[in-house]
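Given next are the chains, with one letter for each unit.
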Amino acid sequence: KQWYQRRVAITAGSKRKRTYKPAEYGSNFLAPFFPNPDAPWKTKIYTPDIIGLHNEIEDFAKWMQPTKEEMMLRGCVVERVKRIVHQLWPTARVEIFGSFKTGLYLPTSDIDIVIFGEWTVPPLRTLERRLIDNNIADPATMKVLDKASVPIIKLTDTLTKIKLDISFNTNNCLKSAEKITELLKQYPCLDKLVLVLKQFLLQRHLNEVFVGGLGSYCLTLMVVAKLQSCPRHRRGRLEDENLGVLLIEFFEFYGVRFNYTNTGIRIHDGGSFFNKNDNAEMKGSMLCIEDPFQPGNDIARASYCMFIVKEAFKLAYMWLRRAVIAPSKPNEQVFPMTDSILGTLVKVDRGIVEYRHWIRSNWVYLAKRLPHPESYTHTSHHLPTRLSKEKSKQAEVWSSCVRTDEELSDTPTDQSAEASSDDSDRLTDDISSDASIN
């Protein structure tokens, strides 16, 4: 009997080890393609075909839209860091770039900050110590990557748990953000596809460049290159294209058909593909994407785990292709537990849902402890049309991104404050003004 009990315990333990356990905010290295009945973006029963997949991608992108509180909170965190920088270097200039600048960020995406100043060597350690001394970052969460090609400081804000990447004097990053903003206007479907693909890579731990993954900027350019090569785009018929078709074609192109050995990607001048072996500096990496602002420079050379990304794309293509064809073959139904095709491919962990609820529930309390941002940082491409029309004149003002006190619960647990009383008064005024607008 004792032997049997020990055997059962060992078996149960081994089963627990094999159980899917997402890391923080829903990461999973090579996530299996499994039914996900708890997809939080589901608002209806989707038909199990390519039309249903299109509608589900639309709802997924809408659910991923940053709320007013999330947008405001990120601005407060940027202002918090900006004040520390100006204490150290009054003449320094602090800018944001990346997904927060363009609006293509997930609820748990980090904020990219660049600091411009006159230094011969980036003062990474000086800023690190000051951020720790002011309780802006926990030392356990800080990483100073001083040996990287672009030295950065990675940290997590102590109050909001928002992650930040801080670099120094990287000029091209601002141009990159402007380029992405331009492409978003040119391709209306780009933002929705990128959000799905970013979450796809996030849950598989394939989105961090410093560990060989595929970064957001390169991923966006890959989507653009595919759209540029689409014959329907050349005929001017891409705006009303089915998102499910575009997603499957992306996975097929980069997971099955693309020749990584010889081919490079170029998106400027209408887009093209070239033989990367003609350039000695480009043929060393698997994925080669030419810098739009510096011809001959490969911006994807750090993605040394691209072979894993390619395999994930291939499996996704095979799965989606079978999933949208399966309804015509009753014996080959592939997702019997759910009507969500996208949910079998992309998982939004419950931790993300809870984190977004936590922000909404504690927004007023957090706002009182954080400095008030001076201006809007980006014009979201996901805001509802009605909201953008009604508040177009206030699109550059952060006060239009705050909810009323009555809509939010204030549950403080610590009476210490980081912001001045003037900041708290201004935030209260903004909340009241937003209530009158709504």
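Residues numbered from 1 in each chain as written. Predicted model: local features only at pLDDT ≥ 70, side-chain atom pairs only at ≥ 80, totals over all residues. Heavy atoms only, no water.

**Topic: the confidence of the model for the protein chain**
Of all residues in the protein chain, 71% attain a pLDDT of 70 or more, and the chain-wide mean is 77. Predicted confidence is poor over residues 1–35, with pLDDT under 50, and the contacts of this stretch with residues over four places away or in other chains come to 51 contacts. Scored below 50 in pLDDT, residues 376–438 makes 115 contacts in the model with residues more than four places away or belonging to other chains. (pLDDT = per-residue confidence, 0-100. Contact = heavy atoms within 4.5 Å.)

**Details of the sheet that holds strand E3 (residues 143–145)**
One open sheet accounts for five strands, arranged E1-E2-E5-E4-E3; its pairing is mixed. Each having just a single partner strand, strand E1 (93–97) and E3 make up the two edges of the open sheet. On average, each strand axis in the sheet is inclined to that of its neighbour by 20°, with strand direction left out of account. As paired elements, E1 and strand E2 (residues 111–116) share five bridges and run antiparallel to each other. From the neighbouring strand, Glu-95 faces E2, where its bridge partner is Val-114. Running over the sheet, helix H5 (residues 124–133) touches E2, E3, strand E4 (152–156) and strand E5 (163–168) and is turned about 15° from E4. Relative to the sheet, helix H6 (residues 172–186) contacts E1 and E2, its axis offset from that of E1 by approximately 40°. (Pairing = 2+ DSSP bridges. Helix = DSSP H or I, 4+ residues; strand = E, 2+ residues; numbered from the N terminus. Axes fitted to C-alpha atoms, helices over the stretch in contact; angles between N-to-C directions.)

**Focus on the packing of helix H10 (residues 243–257) against helix H11 (residues 306–325)**
Between H10 and H11, the shortest axis-to-axis distance is 8 Å and the interhelical angle comes to 140°. Relative to H11, the element H10 is oriented oblique. Crossing of H10 over H11 shows left-handed handedness. For the pair H10 and H11, contact is made by Leu-247, Ile-248, Phe-250, Phe-251, Glu-252, Tyr-254, Gly-255 and Val-256 and by Lys-310, Phe-313, Lys-314, Ala-316, Tyr-317, Leu-320 and Val-324, respectively. Residues belonging to the contact of H10 with H11 are distributed by class as follows: eleven nonpolar, one polar and three charged. (Parallel < 35°, antiparallel > 145°, perpendicular 65-115°, else oblique. Left-handed = near helix turned anticlockwise from the far one by under 90°. Nonpolar A, V, L, I, M, F, W, Y, C, P; charged D, E, K, R; others polar.)

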